[in-house]
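Architecture at a glance
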Amino acid sequence: MDLPSTMKAARFYEVGRPLEVEEVPVPEIREDEVLVRVRAAGICGSDVHIVFEGITPTAFTPITLGHEPAGVVAAVGSRVEGWEPGERVSVTPFYFCGACPNCLAGHAEVCRERKVVGIHADGALAEYMAVPARNLIPLPDGVPFEVGAIVTDAVATPFHALADRAALSPGETVAIFGAGGLGLHAVQLARLCGARKIFVVDVREEQLERARRAGADVTVNPGETSPVEEILDETGGVGVDVAAEFIGLGETIAQAVECVVSGGRVVVCGLGAEPIKILPPTVFVRKQISFLGSYGFTKRNIGRLLELVSAGRLDLERSITHTFPLEEVNTALRYLHEKIEDPIRIAVTLP
């Protein structure tokens, strides 16, 4: 396969400045890397933080953004085995060393040398990207590239939080705080994990309606009623087995802790700047609550989710509410930032 020498890429220069879609060299691959022809890249809240808010700094500028990639193998390095040009793939965006204690324990998501594609290295908002071969996951035939892209973060993150960190078991009850992209997927995933009753808390009525369509049993708008009181009332004063927070606010984290049963688990996935303040130790200890942070996901999470999608057990095509070509990447970012037309997930697609 003859490869071009240059490609289009959406480059970030500084906060508040639109991305520049430029012609840049196609990346050269090292002996242990593959070149992926990108077919779809998800747009994430982290991209909004980078472009509009400056909350997430990049390792260098200009840099190609995008950390939710799916595409086709275009070329392989000299030491790469098991991959051939033409194979469909999703890409886990975490670069991991594979040798630190966390990696060896199976927790590459918190690798001590972790880097993220599109933040610490050039990312997926380009026609081609170079990644280590170990970052590839097979994308089953029949699974659209857009779905293969968003699985790598928007779906894998709540899956890791519920299935791995909180260990949600069949027959348990769960409260989900925040019904954005992560929270809405968490509703579907809680159903797949066998949750008996799912509560969803959000201030936006349109998101609560989406949550109900996704499988939520009880929805709560904090502007109308106390989430803690509602959840306790619905559970006979006992509380839920698991509370999952996808917002990152001190108030909602505290509510999550207050609504769990004695011996329950709270998992916090939302990122925010507020300090965490929860129950007094006399209550927290006597209730024996497990309080857990959850960051990202594992390569295994992505693989399992793609298998569920391929088997027809998980429908994610409705999650992708908007798609844009690479040339309209700034429109895609604006739609997510300003919540134009109530997006769930947005994907940039490439031919």
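Our subject is the structure listed above.
This paragraph deals with the environment of C103. Tracing the sequence through the fold places C103 in helix α2 (residues 101–104). Under the relative-accessibility criterion, C103 is labelled buried at 12%. Distance in space between the C-alpha atoms of C103 and E68 is 21 Å, their sequence separation being 35 residues. Not counting residues within four places of it along the chain, the set of residues in contact with C103 comprises F96, C97, G98, A108 and C111.

Following the criterion strictly, the structure yields three aromatic pairs and no others. Both rings, one in F94 and one in Y295, keep their centres 5.6 Å apart while their planes meet at 20 degrees; by these two values the pair is stacked. Remark: Y295 occurs in the loop between β16 (290–293) and α9 (299–310) and F94 occurs in strand β7 (residues 94–95); sequence separation between them is 201 residues. Taking relative accessible area as the criterion, F94 reaches 6% and is therefore assigned buried. The class of Y295 is partly exposed, set by a relative accessible area of 33%.

Here we take up the layout of surface pockets. A volume near 370 Å³ is recorded for the second largest pocket. In terms of lining, the second largest pocket is formed by 17 residues, of which the most central are P27, Y95, A121, D122 and A130. Of all the secondary structure elements, the ones that give two or more residues to the lining of the second largest pocket are β1 (6–12), β2 (20–25) and β9 (128–132). Considering only residue class, the lining of the second largest pocket consists of 10 nonpolar, two polar and five charged.

Along helix α5 (residues 205–214), the residues classified as buried are Q207, L208, R210 and A211. Down the axis, α5 shows its buried residues gathered within 160 degrees of arc, on one side only. Close packing links the buried residues of α5 with α4 (181–192), β12 (197–201), β13 (218–220) and β17 (320–325). Downstream of α5 by a residue or two, G215 has a phi angle that is positive, lying close to 125 degrees.

Okay, the pairing of β12 next. Most of β12 is tucked away, with four of its five residues classed as buried. For strand β11 (residues 173–177) and β12, the ladder comprises five bridges, and the chain directions are parallel. Pairing of I176 across the sheet is with V200, part of β12. Considered for its hand, the β-α-β crossover made up of β11, α4 and β12 is right-handed. Taking the sense of rotation as the criterion, the β-α-β connection linking β12, α5 and β13 turns out right-handed.

Below, the discussion takes up the pattern of salt bridges. Close approach of charged atoms allows side chains of opposite charge to pair. The final tally for this structure, using the stated rule, is 14 salt bridges. Between R79 and E31 there is a salt bridge; the shortest N-O distance is 3.1 Å. Residue R79 is located in the loop between β5 (69–76) and β6 (88–91), and its partner E31 is located in the loop between β2 and β3 (33–43); the two are separated by 48 residues in the primary sequence. For R79, a relative accessible area of 60% gives the class exposed. A relative accessible area of 40% means that E31 is categorised as partly exposed. Taken together, the shared-partner salt bridges connect E209, R212 and R213 into one network.

A few words now on a negative patch on the surface. A contiguous patch of negative charge on the surface is contributed by E205, E206, E224, E341 and D342. Position of D342 among the secondary structure elements: in the loop between α10 (329–337) and β18 (345–349).

The next subject is the side chain of N301. Residue placement: N301 occurs in helix α9. Within the structure, the side chain of N301 is placed 3.0 Å from the side chain of D164, a separation counted as a polar contact. Those residues within four positions of N301 in sequence are excluded, and the remaining contacts are A156, F159, H160 and D164.

Procedures and definitions
Residues numbered from 1 in each chain as written. Predicted model: local features only at pLDDT ≥ 70, side-chain atom pairs only at ≥ 80, totals over all residues. Heavy atoms only, no water. Helix = DSSP H or I, 4+ residues; strand = E, 2+ residues; numbered from the N terminus. Buried < 20%, exposed > 50% of the residue type's maximum accessible area, 1.4 Å probe, protein only. Contact = heavy atoms within 4.5 Å. Phe/Tyr/Trp six-rings, centres within 6.5 Å; stacked < 30°, edge-to-face > 60°. 1 Å grid on protein atoms, 1.4 Å probe; cavity = no way out; pocket = protein on both sides within 12 Å on 5 of 7 lines; lining within 4 Å. Points joined across faces, edges and corners; volume = space filled by probe spheres on them. Nonpolar A, V, L, I, M, F, W, Y, C, P; charged D, E, K, R; others polar. Arc of directions from axis to C-beta. Pairing = 2+ DSSP bridges. Right-handed = clockwise from strand over helix to strand, strands pointing away. Salt bridge = Lys/Arg side-chain N within 4 Å of Asp/Glu carboxyl O. Patch = residues over 30% accessible without salt bridge, like charges linked within 9 Å, V, L, I, M, F, W, Y side chains within 5 Å. Areas by Shrake-Rupley, 256 points an atom, 1.4 Å probe, with all protein chains shown as cover. Lys, Arg positive; Asp, Glu negative; His and termini not counted. Charge placed at Lys NZ, Arg CZ, Asp CG, Glu CD. Polar contact = N/O pair within 3.5 Å; in protein donor to acceptor, adjacent residues only side chain to side chain.

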